[in-house]
Amino acid sequence: MPAVKKLAPEIIAAFQKKSFTTPILGVTSGKGGVGKTTVAVNLACGLADLGFRVALIDADVDAPNAALLLGISQENPEPVSIGMPEVNTERCTGCGLCIEACRLNALFLPKGGTPLLLGQCNGCEACFLVCPEDAFTRKARMVGNTYCSTSCGLTLFTGELTPTAEESAGVVKALKARAFRQAEDFDLFLVDTSPGTHCNVIFALEGADLVLAITELSPLGAHDLELILSLLDIFAIPSRVVVNRAESPGTAEQIHAVAAHHHTRVQATLPLDDSLVKSYVEATPLIRMFPQNPCALVFSELARFVAKELAI
Amino acid sequence: MKLCITATGKNLSARVDPRFGRAPYFLLVDTETLSCEAVANPASATGQGAGIKAAQILTDRGVAAVLTGTVGPNAVEALQAAGIKTYEGVDPDDTAQDAINKFKQGKFSASSAVSPRGGCGQGLGFGRKDGRGGGWGRCRP
């Protein structure tokens, strides 16, 4: 069991803070390929069909595919740029504080010289913060695009990282900021994250009121569920577990035990169903294509649970 | 000259580590006296930018040259900016002492990206002249 870090209460409060009242539902998973986006698009459609104004944010900017599953195109591009540090060599005293601050070790300080940006910079701007001489200026670098399309009774916000760029987190932040500017137009934000527990997932879940952690029954699924629930515990975000492909190898007991260990529970269980594959092929969410299918009924029930839980 | 050898252990009998940024230890050796100082490499376990961080550590310690297996492109730039010569191509089966012996025999030449002339010519000259050194190196276990 990995040791769980304790964050200062003010950090948790800052993480949970929002400048609007529209609730945010996160859909995430520790393991990849467990059905996050499938759950997210079906849930978004289910909530839209209940009459709610839903904004679906596909925050998996390294591999966005919610638009594919919904069969809608990405429209209204807006470029995303991040600030790269440029050193004012006249101001810089060569103190080296920026070198220590850079977690990516992207800066190098030759003896008697000024810092050089040699490695990958993700635009975190820690160097700007620590510089006592205010010697850094921002140079914009384009790293991706965000899109906004309205179709299928919902609004889809997607982000896409520019090929060869690595700054996914910058695109995730810009994507959320774009969607949140229109917060009063929506009853709910549904954020579909990338898999894992890395910073893109953390940025995507920032401000979430409730998170659904999707998993499969395999030992790896259980292991990665443990990781994602630990992350949610660190930021004190309420969670529920959704089991996908329930007939696949593995044991439900293990998943229930992991959930119980994190004081949560399995909220929904999706059977293994070929109809989901058919819905992929047709680029139509299952809940719209076969509303009476057993999986579709689980999605509908989950939609009602979310609406009740978030009081929308 | 203060020479850094990337190594798997803390002294000259340790095997060399052919990785520059990820080597667990840097052995800082005075090539005249053969006195050796071991520096644990905090960059070995870093997520990103290990080569740049390693170059920073060597720069701050006043190292003149690095003897290792290969140096990545970012670290090459950093070492170049710091004026540290790079000698690549150590045999991973060699101990640090073996590598020093070969270095003193001039069996390594400074990487062209760092020093296109200088080290290369000098190194070869040494190697041809001092045949005994090579034999000695092989005799050691």
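Residues numbered from 1 in each chain as written. Chains lettered and ligands numbered in written order. Predicted model: local features only at pLDDT ≥ 70, side-chain atom pairs only at ≥ 80, totals over all residues. Heavy atoms only, no water.

Caption draft 1: Region of the structure containing the overall build of chain B. On a plain count of helices and strands, chain B comes out with 5 helices and 5 strands. Counting the 141 residues in chain B, one finds 48% classified as buried. When contacts within chain B are restricted to residue pairs at least 6 apart in sequence, those whose partners lie at least 24 apart make up 48%. Carbon and sulfur atoms provide 51% of the accessible area of chain B, an area that totals close to 6800 Å². (Helix = DSSP H or I, 4+ residues; strand = E, 2+ residues; numbered from the N terminus. Buried < 20%, exposed > 50% of the residue type's maximum accessible area, 1.4 Å probe, protein only. Contact = heavy atoms within 4.5 Å. Areas by Shrake-Rupley, 256 points an atom, 1.4 Å probe, with all protein chains shown as cover.)

Caption draft 2: Molecular detail of the pairing of strand E9 (residues 210-215) of chain A. Residue and element names in this part refer to chain A. Judged by how many residues are buried, E9 sits mostly within the fold: 6 of 6 residues are covered. Residue alternation in E9 divides its side chains into two sets, Leu210, Leu212 and Ile214 and Val211, Ala213 and Thr215, and both sets are buried. One ladder, built from 5 bridges, connects E9 with strand E10 (residues 239-243); its direction is parallel. Each bridged residue has a counterpart across the sheet, and for Leu212 the counterpart in E10 is Arg240. Each parallel crossover has a hand, and the one from E9 via helix H8 (residues 219-234) to E10 is right-handed. (Pairing = 2+ DSSP bridges. Right-handed = clockwise from strand over helix to strand, strands pointing away.)

Caption draft 3: Representation of empty space enclosed by the protein within the structure. Residue and element names in this part refer to chain A. Taken as a whole, this structure holds 2 cavities of 30 Å³ or more when the rule is applied. A volume near 90 Å³ is recorded for the largest cavity. Contributing to the lining of the largest cavity are 15 residues, with Cys92, Cys95, Cys98, Pro115 and Cys131 lying nearest its centre. Of the residues assigned to the lining of the largest cavity, the class counts are 11 nonpolar, 3 polar and 1 charged. Here the second largest cavity is characterised by a volume of approximately 50 Å³. What lines the second largest cavity is Thr38, Val41, Asn42, Leu69, Leu276, Ser279, Tyr280, Thr284 and Pro285. Every element with two or more residues in the lining of the second largest cavity is listed here: helix H2 (36-49) and helix H10 (274-282). Residues of the lining of the second largest cavity, tallied by class, amount to 5 nonpolar, 4 polar and no charged. (1 Å grid on protein atoms, 1.4 Å probe; cavity = no way out; pocket = protein on both sides within 12 Å on 5 of 7 lines; lining within 4 Å. Points joined across faces, edges and corners; volume = space filled by probe spheres on them. Nonpolar A, V, L, I, M, F, W, Y, C, P; charged D, E, K, R; others polar.)

Caption draft 4: Spotlight on the sheet that holds strand E1 (residues 24-28) of chain A. Residues and elements named next belong to chain A. The strand order across the open sheet built from 9 strands is E3-E6-E7-E2-E8-E1-E9-E10-E11, with neighbouring strands paired in mixed fashion. The open sheet is flanked by strand E3 (78-87) and strand E11 (266-269), the only strands paired with a single partner. With direction set aside, neighbouring strand axes in the sheet form an average angle of 20°. Contacting E1, E9 and E10, H8 runs over the sheet at an angle of about 165° to E9. Sitting on the sheet, helix H12 (residues 294-309) touches E1, E9, E10 and E11, and the angle it makes with E11 is about 155°. (Axes fitted to C-alpha atoms, helices over the stretch in contact; angles between N-to-C directions.)

Caption draft 5: Representation of unusual backbone geometry. Residue and element names in this part refer to chain A. The backbone of Asp134 sits at a positive phi, close to 55°, despite the residue not being glycine. Among the structural elements, Asp134 can be located in the loop between helix H5 (126-130) and strand E6 (136-151). Judged by its relative accessible area of 52%, Asp134 falls in the exposed class. Although it is not a glycine, Ala311 adopts a positive phi angle of roughly 50°. Checked against the element boundaries, Ala311 lands in the segment after H12.

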